Amino acid sequence: MEFQETGRQAYARLEPDREGYLCRARDASKLTLTYLIPPEGYDGTGLEEPFQSIGAEGVTTLAGKLLLAHFPPGNSFVRMVVDDYSMEQLKKDYGEQKAEQIRTEAAQSLLDMENAGVQEIETSGIRPKLDEMIKHHLVAGNVLVKVPETSDQNLQLWGLDQYVVERDDEDNLLLCVLKRSIAVQALQEDLRALVLAEDKTKKDSKASAIDVYTVIARREDASWEVWSELSVGPKGYRMGEIKKYKDADDLPWRPLRMFPVDGEAYGHGFIPLHFGSLNYAEQVREALMSAGAAMSKLLIGIRNGSPTRAKDIQDAKNLDVIRMNEEDVWILSFADKIPDLRYMSEEYNSVKQALERAFLMTTSIQRNAERVTAREWEILAQELESGLAGAYSQFASDFSQWFVSHTIARMQREGRAPKFPPEIKVKPLIVTGIDALGRGKDVQALQSWFRFLAETMGPDAAAQIIHKDELAKRAGALFGVKTASLLKTEEELAQEAQDAQLQSIAQTLGPEVAKLATQPQGGPTRRV
């Protein structure tokens, strides 16, 4: 079914629905990071900076904490596991013991994939983009993201003032239209000629630009198509080929929302939740700065008709002596306003402390050390989860899991990440967020279980009923350690056991008997 609208028409149709959310986003940006969602018609100059800085400091601090919690440097922020349904199928096909062995073998392959994905993100310079994305999330509550489709691309972001969306009654995305302005001189020669033929006024100005609409449309079979249109003529001009994607998970575009609400196409940000405190802090801070500027101005008054001349006072230097009547001269003072200013200052400090608590600026669990433990990252994640009313898990579900899946799939296509062994028919389940940081809980559970067996049955009896190699492999996977070259194979263990037995025989019966024990059965014999 052909798309019935042009990109320009679809954007114009959906633009009024976005207006209320965009106004709130601009108000939030005005109180925090003014450049993030600038006012309409912004040309790069003339941004008004707020009087208070607590908003900008709070957004920057909270964005940094969210970035560290979602993507902790030096620690794995993603955990790939075998899903429960695949395990049930394996148990039916191979039995429970064999299925658990397959799970352990699969864990090593998943660990390799996990490490490759994390290393790609750490070395691709994507962190600044992630930080900017989280700031859009906090301030505007909405941001359009495109993950890289090739290794030479980077994460791309667009603010709420550049795109519109449409969703159905079940909150599923149906359409997204992105509007960008591109310099005419930057277009390919054939496209530039097409634009100039349509609008000859653009030929005289090198700074002239034209609108380009990128349409991201869902089809009836739940597949997606993406194309770009030049805003030329009544129907526009479609640029390049249509890109097709099988489903929403395969689609590299995604409009993110911080606090989604059922029935609303756009989300709500964190900053609008604190408009009252931020606006009050802005007004009080402005009044304090104005009063401070007024109080710093020194004015001297002279009574009308006084013989004291103003020029004598102006020209007098320090320690000079001049003739004057003390009652004729006075200094204008705002001393009677100091109690009022003190009250305003206390009010500002009070609202500032409340905002610092809201932005989690008063707590910090990260030590000033070269390495931070996974437990400390887990505490930070839980702090953000409770302080942001579930936004941490929402972000992990909407973005982190999808982003990691795309990154690993792209690296596998390019041959830079190991693929899952085809003989093991399991489906990897990617876990991010607090669950990914909670690998230490699984280690503790394994240790507690073995300790319980040892205390109940005795260490020797517990060791006899446990497959030690299986235990070592599982522990290695939980600790994120590759055990392939560390653990001995069954053949090596059998050879070592045989060598130990022969050494014992040699010490007891002599080397000749031990040599006979190593000869294969049916070999040459010696008559006595």
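Residues numbered from 1 in each chain as written. Predicted model: local features only at pLDDT ≥ 70, side-chain atom pairs only at ≥ 80, totals over all residues. Heavy atoms only, no water.

*Asks:* Looking at this structure, I do not really get the pairing of strand 6 (residues 209-218). What am I missing?
*Replies:* Each regular strand displays side chains that alternate between the two surfaces of the sheet. For strand 6, the buried fraction is high: seven of the ten residues fall into the buried class. With nine bridges joining them, strand 5 (residues 173-183) and strand 6 adopt antiparallel strand pairing. The residue bridging Lys 179 from the neighbouring strand is Tyr 213, located in strand 6. In terms of strand pairing, strand 6 meets strand 7 (residues 224-230) through seven bridges, oriented antiparallel. Each residue of the ladder has a partner; that of Ala 217, found in strand 7, is Glu 225. With antiparallel pairing between neighbouring strands as the criterion, strand 6 and strand 7 make up a hairpin whose turn holds five residues, including Ala 222 at a positive phi of roughly 70°. (Buried < 20%, exposed > 50% of the residue type's maximum accessible area, 1.4 Å probe, protein only. Helix = DSSP H or I, 4+ residues; strand = E, 2+ residues; numbered from the N terminus. Pairing = 2+ DSSP bridges.)

*Asks:* How do you make sense of the sheet that holds strand 6 when you look at a structure like this?
*Replies:* Hydrogen bonds between backbone atoms are what pair the strands of a sheet, whose relative direction is either parallel or antiparallel. Read from one edge to the other, the open sheet built from five strands follows the order 4-5-6-7-8, with strand pairing classed as antiparallel. The two strands at the open ends of the sheet, each matched to only one other strand, are strand 4 (163-167) and strand 8 (237-245). Neighbour-to-neighbour, the strand axes of the sheet open up by a mean angle of 15°, direction not taken into account. Across the face of the sheet, helix 6 (residues 189-198) comes into contact with strand 6, strand 7 and strand 8 while running at roughly 130° to strand 8. (Axes fitted to C-alpha atoms, helices over the stretch in contact; angles between N-to-C directions. Contact = heavy atoms within 4.5 Å.)

*Asks:* I tried to follow the confidence of the model for the chain on my own but got confused; where do I start?
*Replies:* Low-pLDDT portions of the prediction should not be read for the details of their coordinates. Of all residues in the chain, 81% attain a pLDDT of 70 or more, and the chain-wide mean is 80. Predicted confidence in the chain is weakest over helix 12 (residues 434-437), with a mean pLDDT of 52, and strongest over strand 2 (residues 142-146), with 97. Confidence drops under a pLDDT of 50 for residues 364-370, and excluding neighbours within four residues, the segment shows ten contacts in the predicted structure. (pLDDT = per-residue confidence, 0-100.)

*Asks:* Just checking my understanding: could you explain the packing of helix 2 (residues 54-70) against helix 11 (residues 391-413) for this structure?
*Replies:* Between two packed helices, both the angle of their axes relative to each other and the distance between the axes serve to describe the pair. Running from N to C, helix 2 and helix 11 cross one another at 60°; their axes reach a closest spacing of 12 Å. What the angle tells us is that helix 2 and helix 11 run oblique. By crossing handedness, the relation of helix 2 to helix 11 is classed as right-handed. Between helix 2 and helix 11, the residues in contact are Leu 66, Ala 69 and His 70 and Tyr 392, Phe 395, Ala 396 and Ser 400, respectively. Partitioning the contact of helix 2 with helix 11 into residue classes produces five nonpolar, two polar and no charged. (Parallel < 35°, antiparallel > 145°, perpendicular 65-115°, else oblique. Left-handed = near helix turned anticlockwise from the far one by under 90°. Nonpolar A, V, L, I, M, F, W, Y, C, P; charged D, E, K, R; others polar.)

*Asks:* Help me understand the packing of helix 7 (residues 275-295) against helix 9 (residues 338-358), please; the structure alone is not making it clear to me.
*Replies:* Look at helix 7 against helix 9: their axes get within 9 Å of each other, and the N-to-C directions meet at 145°. Between helix 7 and helix 9 lies a crossing whose hand is left-handed. Here Ser 277, Leu 278, Tyr 280, Ala 281, Val 284, Arg 285, Ala 287, Leu 288, Ala 291 and Met 295 of helix 7 lie close against helix 9, whose contacting residues are Ile 338, Leu 341, Met 344, Ser 345, Glu 347, Tyr 348, Val 351 and Leu 355. Each residue belonging to the contact of helix 7 with helix 9 can be placed in one class, and the counts come to 14 nonpolar, two polar and two charged.

*Asks:* So what exactly am I meant to see when it comes to a negative patch on the surface here?
*Replies:* Taken together, the side chains of Asp 469, Glu 490, Glu 491 and Glu 492 present a region of like negative charge at the surface. Ranked by the residues each element gives to the negative patch, the list is headed by helix 16 (residues 490-509), at three residues. For Glu 491, the position within the fold is in helix 16. Its relative accessible area of 59% is what places Glu 491 among the exposed residues. (Patch = residues over 30% accessible without salt bridge, like charges linked within 9 Å, V, L, I, M, F, W, Y side chains within 5 Å. Areas by Shrake-Rupley, 256 points an atom, 1.4 Å probe, with all protein chains shown as cover. Salt bridge = Lys/Arg side-chain N within 4 Å of Asp/Glu carboxyl O. Lys, Arg positive; Asp, Glu negative; His and termini not counted. Charge placed at Lys NZ, Arg CZ, Asp CG, Glu CD.)

*Asks:* It is not clear to me how unusual backbone geometry should be interpreted in this structure. Could you clarify?
*Replies:* Positive phi, close to 75°, is recorded for Asp 171, a residue that is not glycine. Phi at Ala 222 is positive, roughly 70°, even though this residue is not glycine. Among the structural elements, Ala 222 can be located in the loop between strand 6 and strand 7.

*Asks:* What should I look at first to understand the pattern of salt bridges in this one?
*Replies:* One side chain can pair with another of opposite charge once the charged atoms of both are near each other. For the structure on display, the rule yields 18 salt bridges. A salt bridge links Arg 410 to Glu 414, with the shortest nitrogen-to-oxygen separation between them at 4.0 Å. Of the charged contacts in the structure, one is a salt bridge between Glu 414 and Arg 416, with a shortest N-O distance of 2.9 Å. For Glu 414, a relative accessible area of 32% corresponds to the partly exposed category. A relative accessible area of 37% means that Arg 416 is categorised as partly exposed. In the salt-bridge network here, residues are joined through shared partners; they are Glu 120, Arg 410, Glu 414 and Arg 416.

*Asks:* Honestly, empty space enclosed by the protein in this entry has me stumped. Any pointers?
*Replies:* Empty space among the atoms becomes visible once a probe the size of a water molecule is rolled across them. All told, the structure shown has three cavities of 30 Å³ or more when counted by the stated rule. Roughly 70 Å³ of volume is contained in the largest cavity. Sorting the residues of the lining of the largest cavity by element identifies helix 2, helix 5 (127-139) and helix 11 as the ones contributing at least two each. Ranked by the residues each element gives to the lining of the largest cavity, the list is headed by helix 11, at three residues. Here the residues of the lining of the largest cavity sort into six nonpolar, two polar and no charged. (1 Å grid on protein atoms, 1.4 Å probe; cavity = no way out; pocket = protein on both sides within 12 Å on 5 of 7 lines; lining within 4 Å. Points joined across faces, edges and corners; volume = space filled by probe spheres on them.)

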